[in-house]
Amino acid sequence: SVRPDVLPQAALDELVILQDGVEGFPSVTAREVVERELGAPISKIFSEFAEEPAAAASLAQVYRAVLRSTGEVVAVKVQRPGVQELVSKDLYVLRRAAEIYQGLVQRFAPQQRTNYVALLNEWAVGFYTELDFKNEAANMVRMAAVLEEAQITDVAVPRVNVELTTRRVLVSEWVDGVKLSDCDPKDVKELIAIGQECFLVQLLQAGFFHSDPHPGNLMRPHDQSRAKLVLIDFGLVAQIQRKDQDLMVSSIIHLANKDYAALVDDFIGLQILPADCNRAKVIPLMDKALSPYVKGGGAKKYEAELKQMYGMDGSAESTIGGFQAMTGDMLTVLNDIPFSIPPYFALLARAVITLEGLALSADPDYGLVLEAYPFVARKLLSSDRPELQRALQEVLYGGGDPSL
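These numbers were taken from a predicted model, which means no experiment stands behind them. (Residues numbered from 1 in each chain as written. Predicted model: local features only at pLDDT ≥ 70, side-chain atom pairs only at ≥ 80, totals over all residues. Heavy atoms only, no water.)

**Q** Explain helix α2 (residues 27–38) here, please?
**A** Since the α-helix packs 3.6 residues into each turn, any two residues three or four apart lie on the same face. With twelve residues, α2 should reach 16 Å at 1.5 Å per residue; the first-to-last C-alpha distance of 16 Å fits that figure. Among the residues making up α2, those that are buried are Ser27, Ala30, Val33, Val34 and Leu38. Projected down its long axis, α2 carries its buried residues within an arc of 110 degrees, all on one side. Among the exposed residues of α2, those oriented more than 90 degrees off its buried face are Val28 and Arg36. Close packing links the buried residues of α2 with α3 (42–45), β1 (46–49), β3 (60–67), β4 (73–79) and β6 (169–173). In the segment just after α2, Gly39 is the residue with positive phi, at about 70 degrees. (Helix = DSSP H or I, 4+ residues; strand = E, 2+ residues; numbered from the N terminus. Expected span 1.5 Å × (residues − 1). Buried < 20%, exposed > 50% of the residue type's maximum accessible area, 1.4 Å probe, protein only. Arc of directions from axis to C-beta. Contact = heavy atoms within 4.5 Å.)

**Q** Hey, could you run me through the pattern of salt bridges in this one?
**A** Throughout the structure, instances matching the rule amount to 13 salt bridges. Salt-bridge contacts for Glu136 lead to Lys77; the nearest nitrogen and oxygen are separated by 3.0 Å. Taken together, the residues span a long stretch of sequence, with Glu136 in helix α6 (residues 133–149) and Lys77 in strand β4 at a distance of 59 residues. For the residue pair Glu136 and Lys77, the accessibility class agrees, reading buried in each case. Residue Arg96 is joined to Glu99 by a salt bridge in which the shortest nitrogen-to-oxygen separation is 2.7 Å. Taken together, the residues span about one helical turn, with Arg96 and Glu99 both in helix α4 (residues 83–108) at a distance of three residues. (Salt bridge = Lys/Arg side-chain N within 4 Å of Asp/Glu carboxyl O.)

**Q** It is not clear to me how the sheet that holds strand β10 (residues 229–231) should be interpreted in this structure. Could you clarify?
**A** The pairing of strands in a sheet happens through backbone hydrogen bonds and is either parallel or antiparallel. Read across the open sheet, the four strands follow the order β5-β10-β9-β7; overall the sheet is mixed. Edge positions in the open sheet fall to β5 (155–156) and β7 (177–179), since each of these has one partner strand only. Taken together, the two bridges between strand β9 (residues 218–221) and β10 define a ladder with antiparallel strand orientation. Among the inter-strand pairings, Leu218 is bridged to a residue of β10, identified as Leu231. (Pairing = 2+ DSSP bridges.)

What follows is the structure in structure tokens.
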């Protein structure tokens, strides 16, 4: 729903509905869930409780309410009844499909090492974790601490009422505002820059990041005194180990500088490529595949760059020749380069693709790698850790001895 560079507008309009406009379940049922989970009548806990949900998504819907004890306006998130059983059935079918696909890959492309079952398992863990609202409350508390420690003042996380949160009901601060996709394009561009900085702090500094940053989960609050952007819905988060964070920082540097020989080492460290990969084949293909992406502009400009790279100028002859060359490179990748996608990339890729799509909606020329480079440079300059100092040395001295 956030990739205007990939799908036509009509498809985007339909997919946007899934963010927070899904057909809800009856409010009578929601009230029963709240009373059962909190062990008391709604009227005893809340002086007001909306008749209809303010938003409804696939896993839950949210009501505006007022706490009787304090008068605070709160958001009450209620899990959709039967959703765990439904998710379990879907994941079972997907896992069986992944096992079949894994078997086909092992039979016909044994050199490929991606464990698709493990990738799906990572998704499954994320989905089941998302169904535990106590875990989401803990994520909100932790993320607020991460932003405070990093001195991120433009982004806020709603305060959570832990005492009134259960596995199926979450009570948190109500935020009056508009979701990002409904903001003025000028505001969206500013907020995307703020959100990008916040995400890079989460990913490359804290190693703990929001994995579902779609427009329905990013809000511009009416009251800008506390923050310009509010993050909501922390059911799906992920963590990155320090070693992988350092390698990602190094990868951004090498990508931006088109140092593909060094990027091979980063990919080996990230377990995307094996240590014994054929560098003579990998590096030229990296150049062809990644250089257009680094320039930015999303899928459409990537396609245009590829056509130019392969000499496809629109004539039948050039199209056939370019397609044959491209197919040859693709077969080389599939047959000769045993790359793999680590399981932890499942949630990371989702977050990056979503954020990039949001940015492209405001700036058609947006390029994530080049936009992230200034943040990485600041991180290197402010860190005294040996691993990052080595990366800084590469930026300043091309990997050589700084005394030369």
